[in-house]
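# Analysis of the macromolecular model
Spelled out from the first residue to the last, the chains are:
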Amino acid sequence: MKSFNNIKRAKGIGKVLLSFSVLYIFPLLISCEDWFDVTPKSQVKEEALFSSESGFQDALFGVYSLMGTTDIYGGNSTMGLMDILAQNYSELNSINNMVHALSYDYDDSTVKGCIDSQWQGYYQAIANCNYLLKNIESNGKKISEPIRKLVEGEAYAIRAYLLFDALRGYAPSYTVGKDMRGIPYVDHVTNATVRPLTVAETIERLISDLQYARELVKEIDPIGPAFDVYTEEPSYSVSDYSRDGGFWLYRSSRMNYWAMTALLARISLYKGDKSHALEYANEVIQSNRFRFATNNMIDAAANSYPSLKLMECVAHNEYIFGIYVYGLKEKCSDNYFIDYSVQATISQTRKNAVFTPQGIDFDIRAKRFFALSSSSSREYSAKYMTGTQIPLLKIGEMYLIAAEASGDIKYIKELRRQRGYSSDEDTSNFEQLLTGEYQREFIAEGQLFYYYKRLNFNEIPFSGIAATDKIYVLPLPDDEIEFGNY
């Protein structure tokens, strides 16, 4: 599947339409030569979907479902490709032949397939956002204003999240090449090729879209600043679904107001705008909507909710935005971490190096988030063995952004205190401590590679390979180059 911007020009490639997994209303169509034959039927389906309020809701949920696929956040963009490139695993045990990714062999057919499918996954979901936004513009009067604003705001924010990750992966970092080629900023439904913006232009468009989205939902989002209290339960009763079929529930599983704010903090730091990065990060921190899951909290939650697993408790408290995946263990985690095959593993030597001797004893992330193989001394990530969400934005990152943006170590000390440290090791080297916390905080979450890239590390730790743009900038799919403007 190709990205939407050049789909029409690629012979034999299906045109990307809405392929929402809630109802699968719009299947991928066949070849471009047959496009005009099937357009009337697809238009009828599109009109039917967007003829009711529930149709708009289904369309939005479908985009989130696409984000949870293994092509992107259910695999490649979190626990899979991007974490392998960050050297978060010391062994891969022939995991789908992805061992070549550890040496950054982007020409290897398996690695190249993952890089290509990640790009295509981003743009498929972006195309779905654009169809949704197009119909909000043309049919938005068919739905109530609060739901229209929430759907529109979330669609803008999801698209920004996807486009930013495409930029982070497939273009130079802002620090190195802000005036170099970025990515196609596909913000509308089109068959024409969309010329890529520069990195700096892309960043400005992302910030503008997110600011617009925040204003749309600011006064109506139940988790947002307009409401004094927000309580998100691990599960809801039938009566809770009486308002719009439960559309306003589970806000941390969707791009809520604070997720938009957190993404602005992440993008501002990527740009080098530390003032705004600190402002946005502090806004999230000071909202008091999110908190760290401590050992005592996890134990207490298990007593109150016997069925509440470890990572459900973590997600319930820490995740600003986590993508929901039904059957997370079987559909996603088992592709990389499973006891009887132990595919992506971390040796004791590597774990000791990352967490340090003090952390091995006290750090909740070292003690709670790993499982020991029954057949060896190797460990693997247990983050997705229970629970239903993959974190895409969480409170720990806000403390790290605030620390880097302000240069104030108090944010790191507070994060470490919440993670179980009663006292600090030597904190005289701020940069070293910051890097260490990034390494500990984001295992199996896909963020660490972008940290190294943003700061232009000369060598990605544990790789033993000099890091250049050939490593930091993922290659575009061949047909994107052939039919695009590169």
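For the structure, check the block above.
These remarks concern the structure in this document. Computed from a predicted model, the values in this text were never measured in an experiment.

Reading guide: rules and limits
- Residues numbered from 1 in each chain as written.
- Predicted model: local features only at pLDDT ≥ 70, side-chain atom pairs only at ≥ 80, totals over all residues.
- Heavy atoms only, no water.
- Helix = DSSP H or I, 4+ residues; strand = E, 2+ residues; numbered from the N terminus.
- Buried < 20%, exposed > 50% of the residue type's maximum accessible area, 1.4 Å probe, protein only.
- Contact = heavy atoms within 4.5 Å.
- Phe/Tyr/Trp six-rings, centres within 6.5 Å; stacked < 30°, edge-to-face > 60°.
- Core = buried A, V, L, I, M, F, W, Y, C linked by side-chain atoms within 4.5 Å.
- Salt bridge = Lys/Arg side-chain N within 4 Å of Asp/Glu carboxyl O.
- Axes fitted to C-alpha atoms, helices over the stretch in contact; angles between N-to-C directions.
- Parallel < 35°, antiparallel > 145°, perpendicular 65-115°, else oblique.
- Left-handed = near helix turned anticlockwise from the far one by under 90°.
- Pairing = 2+ DSSP bridges.
- Expected span 1.5 Å × (residues − 1).

### Remarks on the overall build of the protein
From N to C terminus, the protein includes 20 helices and 6 strands. Within the protein, the proportion of its 486 residues that are buried is 60%. For the protein, long-range pairs separated by at least 24 residues make up 69% of all intrachain contacts whose partners lie at least 6 apart in sequence.

### Quick look at the packing of aromatic side chains
Overall, the coordinates contain 25 aromatic pairs when judged by the stated rule. With centroids separated by 6.4 Å and ring planes inclined at 90°, the aromatic side chains of Tyr104 and Tyr106 adopt a geometry described as edge-to-face. In this pair, the class of Tyr104 matches that of Tyr106, namely buried. Ring plane angle 75° and centroid distance 6.0 Å describe the contact between Phe449 and Tyr450, whose orientation is recorded as edge-to-face.

### Comments concerning the environment of Ile471
As for its placement among the helices and strands, Ile471 is situated in helix H19 (residues 469-472). By relative accessible area, Ile471 is classed as buried at 7%. As a C-alpha pair, Ile471 and Leu85 span 386 residues in sequence and 8.9 Å in three-dimensional space.

### Points about the nonpolar core
One finds Met255, Met398 and Phe449 to be the most contacted residues of the largest nonpolar core, which totals 155 residues. Here this core takes 15 residues from helix H5 (residues 145-170), the largest share from any one element. Not counting the four nearest positions on each side in its chain, Phe449 is found in contact with Met82, Leu85, Ala86, Tyr104, Tyr106, Ile460, Ile471 and Tyr472.

### A word on the pattern of salt bridges
Across all of its chains, the model carries 30 salt bridges by this definition. Here Asp165 makes a salt bridge to Arg168, at a shortest N to O gap of 2.7 Å. Here Asp165 pairs with Arg168, and both are found in helix H5, just 3 residues apart, close to one helical turn. One exposure class covers both Asp165 and Arg168, and it is buried.

### Looking at the environment of Met311
With respect to the helices and strands, the residue Met311 is situated in helix H11 (residues 310-318). Relative accessible area serves as the criterion here: at 3%, Met311 is assigned to the buried category. Each C-alpha atom, one on Met311 and one on Arg368, is 9.4 Å from the other, the two residues being 57 residues apart in sequence. Ignoring any residue separated from it by four or fewer positions in sequence, one finds Met311 in contact with Tyr319, Phe369, Ala382, Lys383 and Thr386.

### Some remarks on the packing of helix H4 (residues 109-139) against H5
Here H4 crosses H5 at 155°, and the two axes come no closer than 9 Å. One finds that H4 runs roughly antiparallel with respect to H5. Between H4 and H5 the crossing geometry is left-handed. Of H5, the residues touching H4 (which contributes Ile115, Gln118, Trp119, Tyr122, Tyr123, Ala125, Ile126, Cys129, Asn130, Leu132, Leu133 and Ile136) are Arg148, Val151, Glu152, Ala155, Tyr156, Ile158, Arg159, Leu162, Leu163, Asp165, Ala166 and Tyr170.

### Observations regarding the side chain of Asp221
Summarising the element assignment, Asp221 is placed in the loop between helix H7 (199-217) and helix H8 (257-271). On the accessibility criterion, Asp221 (0% relative accessible area) is buried. Those residues in contact with Asp221 that lie beyond four places of it in its chain are Phe227, Arg251, Asn256 and Tyr257.

### Some words on the pairing of strand S6 (residues 389-394)
Among the 6 residues of S6, 6 are classified as buried, and the element is accordingly described as predominantly covered. In this sheet, S6 lies alongside strand S3 (residues 319-324) in antiparallel orientation, the contact comprising 5 bridges. Looking at the pairing, Ile323 lines up with Ile390 of S6.

### Comments concerning helix H9 (residues 274-286)
In this model, H9 (13 residues) spans 18 Å end to end at C-alpha, consistent with the 18 Å of a helix rising 1.5 Å per residue. Ala277, Tyr280, Ala281, Asn282, Val284 and Ile285 are the residues of H9 that are buried. Where H9 is buried, its residues contact H7, H8, S3, helix H15 (395-406) and helix H16 (410-418). The first or second residue beyond H9 is Asn288, which carries a positive phi of 60°.

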